[in-house]
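# Close look at the chain arrangement
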Amino acid sequence: MSSDGNKKQFWKRNAAKVPGSIQHVYGAQHPPFDPLLHANLIKAGNKPPPATPGKPKKATTFQEFESITSDAWDVGDDDDELLAMAAQNLNIEVVMETANKVIENHSKQQERQRQDDTTELDQREEDTQEEVVVVAEDEEEDEEEEEDRAEEGDVTSPEVSFASQSSPYTDSRLVKSHSEAPIGSPKDAAGERAALHRQRSLPHRQPVIPLVARMADQNTSGTPAMTEREASRLDKFKQLLAGPNTDLEELRKLSWSGIPRQVRPIAWKLLSGYLPANAERRDSVLQRKRQEYFGFIQQYYDSRNDEHHQDTYRQIHIDIPRMSPESLVLQPKVTEIFERILFIWAIRHPASGYVQGINDLVTPFFVVYVFEYIEEEVENFDVSSLQEEALRNIEADSFWCMSKLLDGIQDNYTFAQPGIQRKVKALEELVSRIDESVHRHMQQYEVEYLQFAFRWMNNLLMRELPLRCTIRLWDTYQAEPEGFSHFHLYVCAAFLVRWRKEILEERDFQGLMILLQNLPTMHWGNEEVSVLLAEAYRLKFAFADAPNHYKR
């Protein structure tokens, strides 16, 4: 009964620990129980428990639970023992001695930590000085190698030079800069080399690819322009073109995977039908066609200001500055050439006349045929510096090859542009079969295919891809039967599905339209275009001979 009485007083006093209650924590920040500060609690603990007059009250259910169970939150602790410890008259000297020991141990621990930090810092400084010496030695070796290459006449691309200068520290560890060394260090002269070594240890950025790549096979990874495989392909092209009669079927097979820059001009002229396969007839055909074109200029170009033609010429004059690359088309000589090409074509094709979008189709031919006469990048080249005869040849060749292209897709530009209407409808049906999720997503947000795909058909994706990618794409279009009119449909389908993740993430009409009209292809190169063409060929193989497969 006495035990029950103590328990009853215990619960009334509410001093014992209960599950979940806040308890004292003993340590450096919370010193042991101080009897001077908790005198009231000590007095309460020294008082004898009051006698319970009369019949004792029946214990509550929770008191019964507490009497037969230990605290679930402090396994192994005895509540009565802790309460007795808190209630004892503690010796103040013992308390102070314990506190001093805790503080002393804490101070020793901090001192050891400071010593460890000092040792680590010294070691880092030694490592830094050793790395500076290594970097200096690497720099001397690199300079000697560069001098040797210069003497041998070995010219490397900027990307290759960058790779060859990278230090042996090829992992992700960064070399500390000299600014972390002690002040007054005798290694100040090597500080810049250490900083340079640190920069080289970082992952280098993707190289900036020129607007028109130097080689058709250059890609975004910054690989050298000519690999062993590309050199082998170039030899195959040269052997094929050197024969007295070029096998056009074999030329198409080789060209499907891309044409090297050195042979692209003649390959395009052959594949478009502008030049004959017989090598002996080519010079005479070129001479005749070029004279014929400049005969058209003498016959028609002066009429550009006539009442019947001035609207056409004005629209051409407005559209050309909107083309890309601006650094090329805004050159006065280039603008003049483009105006003549487009105006002569419009006069000779009254069924369609000039339509916006045709102007973009001149650029790839013009750029490719300029490559016959220069080695540098077109966007940085002053076209007016070419000889007059070369400019006349480039202009005439661009006109005839563009005319050959437009002959196969002229219904894209006749009244109401029925060719584009049919192709956009076919694109919608094809996408609904190959990726129903994308198709339903655009239907959900009321995006019509004509709102974004019209430009894809009208400009042959030239506004969606960099010029270097368009030229690579046209290598395959030239090699593919009906490439510009038929195969282009499957390229557009593959191009749309390529962005399915980004499309499905957009949740409104405006976001979808902004995405589809500004697709992030600025850094695309040969690899991306090759994957796109491979997927388009797969779709063509599956659906071209069975159009009912994608009609609902």
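Here we summarise the structure given alongside this text. Only a predicted model underlies this, so the values are computations on that prediction, with no experimental measurement involved.

## A short note on the nonpolar core
- Within the largest apolar cluster, 114 residues are counted, with the highest numbers of intra-cluster contacts made by M402 and W474.
- Counting contributing residues, this core receives three or more from each of domain 1 (280-408) and domain 2 (418-545).
- Residue contacts for M402: discarding those within four places in its chain leaves I341, L342, W345, I358, L361, V362 and F365.

## Let's talk about the pattern of salt bridges
- Inspection of every chain in the model, using the stated rule, returns 18 salt bridges.
- A salt bridge links E336 to R340, with the shortest nitrogen-to-oxygen separation between them at 2.7 Å. Placement of the pair is E336 and R340 together in helix α14 (residues 332-348), with a separation of four residues, close to one helical turn.
- Residue R340 is classed as buried on the basis of its relative accessible area, which comes to 13%.

## Overview of the packing of helix α11 (residues 279-300) against α14
- Contact pair α11 / α14: the axes reach a minimum separation of 10 Å and the direction vectors enclose 80°. Regarding the angle of α11 to α14, the classification is roughly perpendicular. The segment α11 lies against α14, with Y293, F296, I297 and Y300 engaging R340, I341, F343, I344, I347 and R348.
- Among the residues forming the contact of α11 with α14, the class breakdown is eight nonpolar, no polar and two charged.

## A closer look at the packing of helix α12 (residues 310-319) against α14
- In contact at an axis separation of 10 Å, α12 and α14 are set at 145° when each is read in the N-to-C sense. Judged by the twist between their axes, the crossing of α12 over α14 is right-handed. Across the interface between the two elements, T312, Y313, I316 and H317 of α12 pack against E339, L342, F343 and A346 of α14.
- Per-class residue counts for the contact of α12 with α14 are five nonpolar, two polar and one charged.

## Things to note about α12
- Residues of α12 that are buried: Y313, I316 and D319. Looking straight down α12, one finds its buried side chains confined to an arc of 130°; they lie on one side.
- Where α12 is buried, its residues meet α14.

## Describing the environment of I514
- Locating I514 in the fold gives a position in helix α23 (residues 509-517).
- Between the alpha carbons of I514 and F452 there is a distance of 9.7 Å; along the sequence they are 62 residues apart.

## Comments concerning the environment of F543
- Tracing the sequence through the fold places F543 in helix α24 (residues 526-543).
- With 53 residues separating them along the chain, F543 and Y490 place their C-alpha atoms 9.2 Å apart.

The rules behind the values
Residues numbered from 1 in each chain as written. Predicted model: local features only at pLDDT ≥ 70, side-chain atom pairs only at ≥ 80, totals over all residues. Heavy atoms only, no water. Core = buried A, V, L, I, M, F, W, Y, C linked by side-chain atoms within 4.5 Å. Buried < 20%, exposed > 50% of the residue type's maximum accessible area, 1.4 Å probe, protein only. Domains from an automatic or database assignment. Contact = heavy atoms within 4.5 Å. Salt bridge = Lys/Arg side-chain N within 4 Å of Asp/Glu carboxyl O. Helix = DSSP H or I, 4+ residues; strand = E, 2+ residues; numbered from the N terminus. Axes fitted to C-alpha atoms, helices over the stretch in contact; angles between N-to-C directions. Parallel < 35°, antiparallel > 145°, perpendicular 65-115°, else oblique. Nonpolar A, V, L, I, M, F, W, Y, C, P; charged D, E, K, R; others polar. Left-handed = near helix turned anticlockwise from the far one by under 90°. Arc of directions from axis to C-beta.

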